[in-house]
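# Examination of the molecular architecture
So the chains spell out like this:
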Amino acid sequence: MKMRALRLTAWGEPPAPAEVERPTPRGTEVLVQVEAAGLCRSDLHVIDGAPGSLPYRLPFTLGHEVAGRAAALGPDADGVAVGERVVLYGPWGCGACDRCATGRDNYCDRRDTLTWHGAGLGRDGGMAEYLLVPSARHLVPIGDLPADQAAPLSDAGLTSYHAVAGLRHALREGTSTVVIGVGGLGHLAVQILRATTTSRVLAVDVREDALALADRSGADFGTLMRPDTARVLRARTGDAGADAVLDFVGTAKTLELATGVLRPGGELAFVGSGGGCLTVSKPGVLPPGFRLSLPFWGTRPELAEVVTLARSGALHVESERFPLSAAPEAIGRLRRGQVRGRTVLVPD
Ligand code: FEH
Ligand code: ZN
Ligand code: ZN
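All figures in this text were calculated on a predicted structure; none of them were measured in a lab.

The rules behind each value
- Residues numbered from 1 in each chain as written.
- Chains lettered and ligands numbered in written order.
- Predicted model: local features only at pLDDT ≥ 70, side-chain atom pairs only at ≥ 80, totals over all residues.
- Heavy atoms only, no water.
- Helix = DSSP H or I, 4+ residues; strand = E, 2+ residues; numbered from the N terminus.
- Rg over C-alpha atoms; globule rule 2.2 N^0.38 Å.
- Buried < 20%, exposed > 50% of the residue type's maximum accessible area, 1.4 Å probe, protein only.
- Contact = heavy atoms within 4.5 Å.
- Lys, Arg positive; Asp, Glu negative; His and termini not counted.
- Charge placed at Lys NZ, Arg CZ, Asp CG, Glu CD.
- Salt bridge = Lys/Arg side-chain N within 4 Å of Asp/Glu carboxyl O.
- Polar contact = N/O pair within 3.5 Å; in protein donor to acceptor, adjacent residues only side chain to side chain.
- Core = buried A, V, L, I, M, F, W, Y, C linked by side-chain atoms within 4.5 Å.
- Pairing = 2+ DSSP bridges.
- Arc of directions from axis to C-beta.
- Axes fitted to C-alpha atoms, helices over the stretch in contact; angles between N-to-C directions.
- Parallel < 35°, antiparallel > 145°, perpendicular 65-115°, else oblique.
- Left-handed = near helix turned anticlockwise from the far one by under 90°.
- Nonpolar A, V, L, I, M, F, W, Y, C, P; charged D, E, K, R; others polar.
- Donors = N, O, S within 2.8 Å, 3.2 Å for Na, K, Ca; no water.
- Tetrahedral: all angles 85-135°; square planar, octahedral: opposite > 155°, others 65-115°.
- UniProt positions renumbered as here; feature names shortened; annotations may be inferred.
- Near = heavy atom within 4 Å.
- Areas by Shrake-Rupley, 256 points an atom, 1.4 Å probe, with all protein chains shown as cover.

What follows deals with the overall build of the protein chain. Helices and strands together make up the secondary structure of the protein chain, namely 10 helices and 18 strands. Here the protein chain has a C-alpha radius of gyration of 20 Å; the compact-globule value for 348 residues is 20 Å, and the two agree. For the C-alpha atoms alone, the extent of the protein chain along its principal axes is close to 65 × 40 × 40 Å. Across the 348 residues that make up the protein chain, the buried fraction comes to 54%. For the protein chain, the proportion of contacts with a sequence separation of at least 24, taken over those separated by at least 6, is 70%. Each charge class in the protein chain can be summarised by its mean position, and for the 37 positive and 38 negative side chains these summaries are 3 Å apart.

Mapped onto the secondary structure, D247 falls in strand 14 (residues 242–247). Salt bridges are absent for the buried D247, whose nearest opposite-charge side chain, R41, sits at 11 Å. Separated by 2.8 Å, the side chain of D247 and the backbone nitrogen of V249 make a polar contact. When near neighbours in sequence (up to four residues on either side) are disregarded, D247 contacts I180, T254, L255, A269, F270, V271 and G272.

Turning next to the nonpolar core. Ranked by size, the top nonpolar core spans 88 residues in total, and within it V30, L62, L88, M127, L153 and L246 carry the most contacts. Considering every element that reaches this core, the biggest residue donor is strand 3 (residues 30–39), with six residues. In this structure, L62 is in contact with L6, L8, P15, D43, V46, I47, G120, G125, G126 and M127, ignoring residues within four places of it in sequence.

The pairing of strand 17 (residues 319–323) with strand 18 (residues 342–346) spans five bridges and is classified as parallel. Bridging across to strand 18, S319 finds its partner in R342.

Another aspect to go through is helix 6 (residues 208–216). Among all positions of helix 6, only A210, L211, L213 and A214 are buried. In a view along the axis of helix 6, the buried residues occupy a sector of 155°, so they form one face of it. Set apart from the buried face of helix 6 by more than 90 degrees, the exposed residues are E208 and D215. Where helix 6 is buried, its residues meet helix 5 (186–196), strand 12 (200–205) and strand 13 (221–224). Remark: G218 follows helix 6 within two positions and exhibits a positive phi of approximately 110°.

Now for the packing of helix 4 (residues 156–165) against helix 5. Orientation of helix 4 relative to helix 5, taken along the N-to-C sense of each, is 50°, at an axis distance of 9 Å. Taken together, helix 4 and helix 5 sit at an angle that is classed as oblique. Pair helix 4 / helix 5 crosses with right-handed handedness. Of helix 5, the residues touching helix 4 (which contributes A156, G157, S160, Y161 and V164) are L188, A189, I192, L193 and T196. Its residues assigned to classes, the contact of helix 4 with helix 5 shows seven nonpolar, three polar and no charged.

Taken together, the protein donors to the zinc ion (ligand 2) comprise C40 (SG), H64 (NE2) and D155 (OD), at separations of 1.8 to 2.2 Å. Each of the four donor atoms bound to the zinc ion (ligand 2) contributes to angles spanning 96 to 123°, and the resulting shape is tetrahedral. Mapping the donors of the zinc ion (ligand 2) onto the primary sequence yields the spacing C-x23-H-x90-D. With C40 in the loop between strand 3 and helix 1 (41–47) and H64 in the loop between strand 4 (60–61) and strand 5 (66–73), this pair connects stretches of sequence that are 24 residues apart. H64 matches C40 in its accessibility class, with the two residues each being buried.

Looking now at the UniProt feature "domain: Enoyl reductase (ER)" (unreviewed entry) in the protein chain. As recorded in UniProt, the sites labelled "domain: Enoyl reductase (ER)" (unreviewed entry) are residues 4–345. Secondary structure over residues 4–345 splits into 25% helix and 26% strand, and the C-alpha atoms at its two ends are 13 Å apart.

Okay, the site of ligand 1 next. Every residue near ligand 1 is listed here: C40, S42, H64, L121, D155, T159, F296 and W297. At 2.6 Å, a side-chain N or O of S42 approaches an oxygen atom of ligand 1. Between ligand 1 and T159, the relevant distance is 3.2 Å, taken from an oxygen atom to a side-chain nitrogen or oxygen of the residue. Across the complex, the protein chains shield 81% of the 290 Å² of accessible surface that ligand 1 would expose by itself.

As for its placement among the helices and strands, L62 is situated in the loop between strand 4 and strand 5. The sequence separation of L62 and G126 amounts to 64 residues, and the corresponding C-alpha distance is 6.5 Å.

Strand order in the open sheet made by the three strands is 2-1-4, with antiparallel pairing throughout. Because the sheet does not close on itself, it has two edges, and the strands there are strand 2 (16–21) and strand 4. With two bridges joining them, strand 1 (residues 2–8) and strand 4 adopt antiparallel strand pairing. Each bridged residue has a counterpart across the sheet, and for L8 the counterpart in strand 4 is F60.

A few words now on the packing of helix 7 (residues 229–236) against helix 8 (residues 252–261). Where helix 7 contacts helix 8, the axes come no closer than 9 Å and their chain directions differ by 35°. Helix 8 is crossed by helix 7, and the crossing has right-handed handedness. Touching T229, A230, L233 and R234 of helix 7 are L257, G260 and V261, all from helix 8. Of the residues that constitute the contact of helix 7 with helix 8, the class distribution is four nonpolar, two polar and one charged.

Shown next as structure tokens:
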């Protein structure tokens, strides 16, 4: 039986639609009929990857942010029923180390020995009609959550939630948190901060429509990225500076803003892969006592918490749907920064 899939077949070449064999689940595997697959900026990094820059073996199907319905089970599969709607826990580690055994595949101890990071990242992913998952431990039930709301939780939602979780100890009443970049991840981070902390949320972006999205997401204040943005933000924190900053862009300019607005003893989560570098030295110009995290994706228990938040109505994903056959157009719009919220591809 054949199925349509968006395949990466050569480094530096754009992915192309193809007909491939629909997989049959064996052992503990689960076959998921895809309802939606999110498009992530990391997909662009993969597509643009120079030969040898990533450990992945070609060809494979893209798509690491997926929601759908369990369609078939391998004979040893358990923990999911045929017909159950699910969202993918996308980081796939070795499956045997202490981290993977406790649902923290994002920090697998054997990561450097693997030729993949997960579905759509060296293994066949969900920009396809069906996705084969190694076991039900990589699936979280979503009930009747719409697929275009559920799929982005798998990566944009989980990555934002994990980044906030690393700072939450510092975000009590009266604190200020700055979110730099209000795109697919940032707009969910604003909502997660509002739903799980009492910190004031200040948003920064280069686009007015992103600041409008931040406002709709519950930000207390939003401002455009300008030369005096650090001063504008500091003024909003009573000049003490921000207790926490989440940089979802990660360029030299945004990191400069982040460290320029951070309070001594504050927390910086460097989330975006924008190519920026942070020079840490002593003595140096960075705020004394600040702590830096480089969060990557999230854990399976956290994904279940994100789904619970979404099903409670605390999270709304701003998404734009495209048919899977229009993936090249969607990729182009993401490249040009012309997407609002998260792009979701739907098999057609
Ligand atoms: C996945 C694989 C490699 C780098 C970054 C990512 C993120 O999109 C996962 O959130
Ligand atoms: Zn991603
Ligand atoms: Zn592992």
